Amino acid sequence: MERSKIYEEMEQMLGLVPSMFKSIPDASLELEWSLFKTIQLEGGSLDGKQRELIGLGISAVTKCRYCVYFHTVMAKLNGATDDEIQEAIHYAKATAGWSAYVNGMQLDFEEFTKEIDAVCAHVREMNMQN
């Protein structure tokens, strides 16, 4: 599809052509737009709010202010509350912190997976009893 047709579709769907798409080379534009539509607009098993909260958590950890802004406003557009946004960011912070710690300490991965599997089995058993 030629650039002008892709731009027409963007304007129809988004109301404008975002500048981030204007610098993409012709050879990649159709692929990038198709991927963007599929991931950001069409979705799949996760609903829009869930996807955007995940995107926000990742963006906070990678410290991309463009992505933080995008995913925050998109999460709100999809119904996320301020509390949900704060929780997603806090969860991402905790996950990144634990990742830094267990990787930095070079914990034994096999032991780690056995322990986590044991925890899950215990929780399942406790849930069955309740």
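Look up: the structure comes first, before these words.
One structure accompanies this document, and this report is about it. Since the structure is predicted, the reported quantities are computational estimates derived from the model, not experimental observations.

1. Observations regarding the packing of aromatic side chains
Tallied over the entire structure, the rule returns 5 aromatic pairs. Residues Trp33 and Phe36 carry aromatic rings whose centres are separated by 6.0 Å and whose planes lie at 20° to one another, so their mutual orientation is stacked. Remark: Phe36 and Trp33 occur in helix 3 (residues 26-42); sequence separation between them is 3 residues, near one turn of the helix. Phe36 matches Trp33 in its accessibility class, with the two residues each being buried. Members of the aromatic cluster, each reached through a chain of ring pairs, are Phe21, Trp33, Phe36 and Phe70. Directly above the aromatic system of Tyr66 lies the positively charged group of Arg65, at a separation of 5.5 Å from the ring centroid.

2. Re helix 6 (residues 82-104)
Because the α-helix completes a turn every 3.6 residues, residues three or four places apart line up on one side. Between its first and last C-alpha, helix 6 extends 33 Å over 23 residues, near the 33 Å set by a 1.5 Å rise per residue. Within helix 6, the full set of buried residues consists of Ile85, Ala88 and Ala92. Note on helix 6: the residue one or two positions beyond its end, Gln106, has a positive phi of about 55°.

3. Overview of the packing of helix 1 (residues 3-14) against helix 3
Running from N to C, helix 1 and helix 3 cross one another at 20°; their axes reach a closest spacing of 10 Å. Here helix 1 lies roughly parallel to helix 3, going by the angle between them. Both helix 1 and helix 3 take part in a crossing whose hand is left-handed. Residue-level inspection shows Arg3, Ile6, Tyr7, Glu9, Met10, Met13 and Leu14 of helix 1 in contact with helix 3, the latter providing Asp26, Leu29, Glu30, Trp33, Lys37 and Leu41. Among the residues making up the contact of helix 1 with helix 3, the classes are represented as 8 nonpolar, no polar and 5 charged.

4. With respect to the packing of helix 4 (residues 48-62) against helix 6
It is the contact of helix 4 with helix 6, at a shortest axis distance of 8 Å, that shows an interaxial angle of 45°. Relative to helix 6, the element helix 4 lies oblique. Where helix 4 crosses over helix 6, the handedness of that crossing is right-handed. Contact with helix 4, carried on its side by Lys49, Leu53, Leu56, Gly57, Ala60 and Val61, involves Glu84, Ile85, Ala88, Ile89, Ala92 and Ala96 of helix 6 and no other residues of that element. Within the contact of helix 4 with helix 6, the residues separate by chemical class into 9 nonpolar, 1 polar and 2 charged.

So, how was this worked out
Residues numbered from 1 in each chain as written. Predicted model: local features only at pLDDT ≥ 70, side-chain atom pairs only at ≥ 80, totals over all residues. Heavy atoms only, no water. Phe/Tyr/Trp six-rings, centres within 6.5 Å; stacked < 30°, edge-to-face > 60°. Helix = DSSP H or I, 4+ residues; strand = E, 2+ residues; numbered from the N terminus. Buried < 20%, exposed > 50% of the residue type's maximum accessible area, 1.4 Å probe, protein only. Lys NZ or Arg CZ within 6 Å of the ring centre and 35° of its normal. Expected span 1.5 Å × (residues − 1). Axes fitted to C-alpha atoms, helices over the stretch in contact; angles between N-to-C directions. Parallel < 35°, antiparallel > 145°, perpendicular 65-115°, else oblique. Left-handed = near helix turned anticlockwise from the far one by under 90°. Contact = heavy atoms within 4.5 Å. Nonpolar A, V, L, I, M, F, W, Y, C, P; charged D, E, K, R; others polar.

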